[in-house]
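# Chains, contacts and geometry: an overview
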Amino acid sequence: MSKSFRTATLIMIASFLLGACASPAAQVPAEATATTGAAPTEAVATTEAPAEPTATTPPTTEPTPTEAGATPEATPTPKPLASKEGTLTIWVDGGRVQAITDLGKQFTEAYNVPVEVQELGFGDVRDQLKIAGPAGEGPDIIIGAHDWLGELVTNGLLEPLDLGDKAESFDPVSLQAFTYNGQLYGLPYAVEAIALVYNKDLVPEPPETWEEMKEIARNLQEQEEVEQGYVLQQGDPYHTYPIITGFGGYVFGRTEDGSYNPEDLGLDSPGAIAAAEEIDSMVKEGLLRKDINYEIMMTLFKEGKSAFFLGGPWTLTDLRSSGVNYGIAKIPTMEQTPRPFVGVQGFMVSAFGKNKLLAQTFLTEYLATDEAMQALYQAVPNGPAWLPLRETLDDADLLMFAESAADGEPMPAIPQMSAVWESWGKAITIIFQQQQPADQAMKDAAQTIREKIAESQ
Amino acid sequence: MPPKRSVKRLPNLNDQKGGGVIRPTSSSSFRTSFLHMAGLALLDALALWLVYSLLGNGAGTAGILVLVVTGLVNWVFLSDRFYPIRWLTPGLVLMLLLVVYPLVFTVYVAFTNYSDGHILSKQQVVEQLQRRYFQTPDAISYQMTVYRSPEGGFLLFLQDPQGNTYTGTEEQGIQAYPVGGEPPERIGPYQKLSLAGTFQYLTELEKIQVSGEGFQVRITGPNKARQALAKYTYDPDRDLLTDNETGKIYRPVGGSFVDNEGKPLPDAPGFTAVVGLDNFRRVFSDPQIQGPFLRVFLWTVTFAGMTVLLTFSVGLLLALVLNDNRLPLRTLFRSLAIIPYTIPGFISILVWVGLLNPYYGPFSLMIKDLIGVSPDWFSNGTLTKVAILFINTWLGFPYMMLINLGALQSIPMEMYEAAELDGAGRFAKFRYLTLPLLLISVGPLLIGAFAFNFNNFTVIDLVNEGGPPIVGTSTPAGQTDILISYTYRLAFAGGRGADFGLASTIAIFIFLIVASLTAFNFRFTRQLEEVMR
């Protein structure tokens, strides 16, 4: 008797609870239909209204979009919004989320397509796409940096893009950056590269050659006007690259189609070794100092204790608020024109989105326009990749960074770079710390990288 | 306060094990039984809801697993036979879920090539390749206008560069539209859509297949289409992939599609595959891994051991001082000493790195004033190790102080009185009473601290990223890398990005090392405990 009573109670309570739980879930498709269905009647007044607006999206395909269906606003949820048919889902980092949300609203008004924006941390956009994309829970579009391409494309997470005639309006370097294996994977919108930042109070005219700059730094240090004339972060390959290229070195050679060739490593080429020896001699002379990190570099400069550093547009906010009388100039010429790495920000289409054609159209027809690019620029001022906008730009600092970027080459996005950053950084650290002759450090690094690349194939 | 000797008495509890299980008597109230049932029903309802959503999301295996586990839990709860483990089941289920499952998964990953370039399943790769198209040299691009019928069918109105017009539908394919000229408002039941009005149907248009003679029409935008052909065909029965453009045939081998010469399909992602012992073979044969292993291992043990020794000594010293009733303002000092424990580690580590900077760090400048030289904290291997141990001691001593304070309270005062009667001095009391008694209760925590520091990635990586580098070798290991940070460098800074398979393999080895060290430690402390009895 007790057993049958237990079972009966159990079934009763379970069915009661299930009924209570299930009803909100069951309502979701209805709500989703309501939102998609309501929009056409408002917006399509200009064109012929479809006879059955609710038939647009079959709502039953997604059983549990509880958060997604109910909240069209961007709310940070533990589980990011996933792509669903008929709605564009965009993942973007916090700095740009407002601009994208506004653009999305305008797009919905003009084209009657709902847009949902999910805010994530910058790096999380990439990392989450790797997990959520293949699981069918990724977005349609992500916004990120071009050097994610190697990782994302080799993992099969991105969809190729065809810009058609619009390609002519983009900075060629930025398009090259978003090209992987001869195929374009992103719509670039911002271009960043480092340039020379100098203190106008200490150095009225920016130096044009590297020797000139060293001379000024040496004099300032001798007169004890500054603690350190020129500062460079220790063991940081990115900021060292202009020196490597200025002396004729390179990291990866190019294949015929312009993409980087992992077989041709240039870190022990004569030019790169000459650059390493230059750094070595500057350390010996006291013109470069070890144990400098980004914070120390910025502090020294802002307090007038250093005259030069290489920095990108991301330092501008800090520089402007500090009140230091700074100027931006091109990186001084060495044996050749130094070429900094160029980083490009842009939009990419997920290979696992459910609206690939719509996403591509959103990029090529809607974002690649003056108005959208202007809105993006105003949200986060940065060197625009959209050439018509760059022509109208009046921020002298940003223009100078853009000019520096024009000399640069896209930061290699090939997956082999993860091995390169590590060993190259190690070599530069060894040179800063004077633990090994410069040429040997570079040769060892190149050897390690070659071994790693060979082993992974 | 009554003396507590809980640690020593714990084993006695086991004596009751043989004494029979207390079963519910028939008089157990209706209310208890009802509450049990309600709780179980709630659990079942939650589980069923979870299964429902898991199945809906296509996670079938996980759904069935939850169902099976819920069934077992119900069985255990409803059967009298399992009464003894009834209240253990929640713990057991959680342990399976949170401990055993990740372990099993890690071991599984160690046998696969799961890494960048191989994260998709084979089916996903095949689906992606089947979406690729190629164009024959004479392929035509069309201007396209989309028409839609009230039933939701689509018709494409296509104009080639010569001005010839065609209509295309999924059912009837491409047909010439002899009228020519501009697209009309209606074609049969189909109504013309404006360019802006086409956008909302793009996702549906993406799916429709319109074929002509010897080609397919691929929609590339809201008003553009072109002739194209599927690039790959996959034959599931023979498990072969054919490139329709070149006629080459690819077969899946070791996580990639390869041709007859073993060359992988260009521009295609690989997939996750079981590769057997490949990762284990790499661990044993790769000079980059083998070379510095002993050196890294020795430093790992030194680091963990020294950290425990230093934090314990400092913590004990402070605990002894703060435990003395004669000390004024004890509470204040105690609170001050706990501060390092309350600041998040990654903040205090970075602050210390700044304080120690040889040129600008106040701490280093102070040393410079004292001895005339600023120590080369981050360029000299030995000094970096000293700095790491110093910082880690600073981070860890409050914890040791807290547990020692607690343990000191539990030593009965009578023992000290007896020792005094026997003529023991202050040092003798510490050496023969306090320390051994402390070690009994604190011993397991010291082992825990050792195991934790064995894998203390945060400190190592934040202080100097494992550096300074070992000069003249091709290994990624730095002079202060411990096994776990070394694994990270091997697995995530390799030639092609992250390699989870290799990382899991090395993690298994680290687990074996830590497990055997811990087992050894436990045996050692047990001996200690027995001596004290």
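Residues numbered from 1 in each chain as written. Chains lettered and ligands numbered in written order. Predicted model: local features only at pLDDT ≥ 70, side-chain atom pairs only at ≥ 80, totals over all residues. Heavy atoms only, no water.

## Brief notes about the domain arrangement of chain A
Residue and element names in this part refer to chain A.
- Each assigned domain of chain A is listed with its residue range as follows: domain 1 (3-192 + 343-410) and domain 2 (195-341 + 413-456).
- Across the contact, 23 residues belong to domain 1 and 26 residues belong to domain 2.
- It is Phe401, Asp407 and Glu409 that lose the most area in domain 1 upon contact with domain 2, and together they represent 35% of the buried surface on that side.
- Between the two partners, domain 1 and domain 2, sit five salt bridges.
- Residue Glu409 pairs with Arg339 through a salt bridge whose shortest N-O separation is 2.5 Å.
- Those elements giving two or more residues to the side of domain 1 that touches domain 2 turn out to be helix 5 (149-154), helix 15 (396-407) and strand 16 (409-410). (Domains from an automatic or database assignment. Contact = heavy atoms within 4.5 Å. Buried area = accessible area lost by both parts, 1.4 Å probe. Salt bridge = Lys/Arg side-chain N within 4 Å of Asp/Glu carboxyl O. Helix = DSSP H or I, 4+ residues; strand = E, 2+ residues; numbered from the N terminus.)

## Some words on the sheet that holds strand 9 (residues 228-231) of chain A
Residues and elements named next belong to chain A.
- With mixed pairing, four strands are arranged side by side in an open sheet as 9-12-8-13. Edge strands, defined here as strands with exactly one partner in the open sheet, are strand 9 and strand 13 (326-329). Strand after strand, the sheet turns through a mean of 15° between neighbouring axes, direction not considered.
- By the bridge criterion, four bridges tie strand 8 (residues 195-199) to strand 12 (residues 306-311) in an arrangement that is antiparallel. Note that in strand 12 the partner of Tyr198 across the bridge is Phe308.
- Sheet strands touched by helix 10 (residues 294-302): strand 8, strand 9, strand 12 and strand 13. Its angle to strand 12, the strand with the most contacts, is close to 135°. (Pairing = 2+ DSSP bridges. Axes fitted to C-alpha atoms, helices over the stretch in contact; angles between N-to-C directions.)

## Details of the domain arrangement of chain B
All names here are of chain B.
- The domains assigned to chain B are domain 1 (26-110), domain 2 (133-230) and domain 3 (289-532).
- The centre of domain 1, based on its C-alpha atoms, is set 40 Å off from the matching centre of domain 3.
- Listed per partner, the contact involves four residues of domain 1 and five residues of domain 3.
- At the boundary of domain 1 with domain 3, total buried surface from both sides reaches about 370 Å², with 80% on carbon and sulfur atoms.
- Counting every contact that joins domain 1 to domain 3 gives zero salt bridges.
- Summed over the shared surface of domain 1 and domain 3, the number is zero residue pairs in polar contact (both at pLDDT 80 or more).
- For the side of domain 1 that touches domain 3, a count of residues per class yields three nonpolar, one polar and no charged. (Polar contact = N/O pair within 3.5 Å; in protein donor to acceptor, adjacent residues only side chain to side chain. Nonpolar A, V, L, I, M, F, W, Y, C, P; charged D, E, K, R; others polar.)

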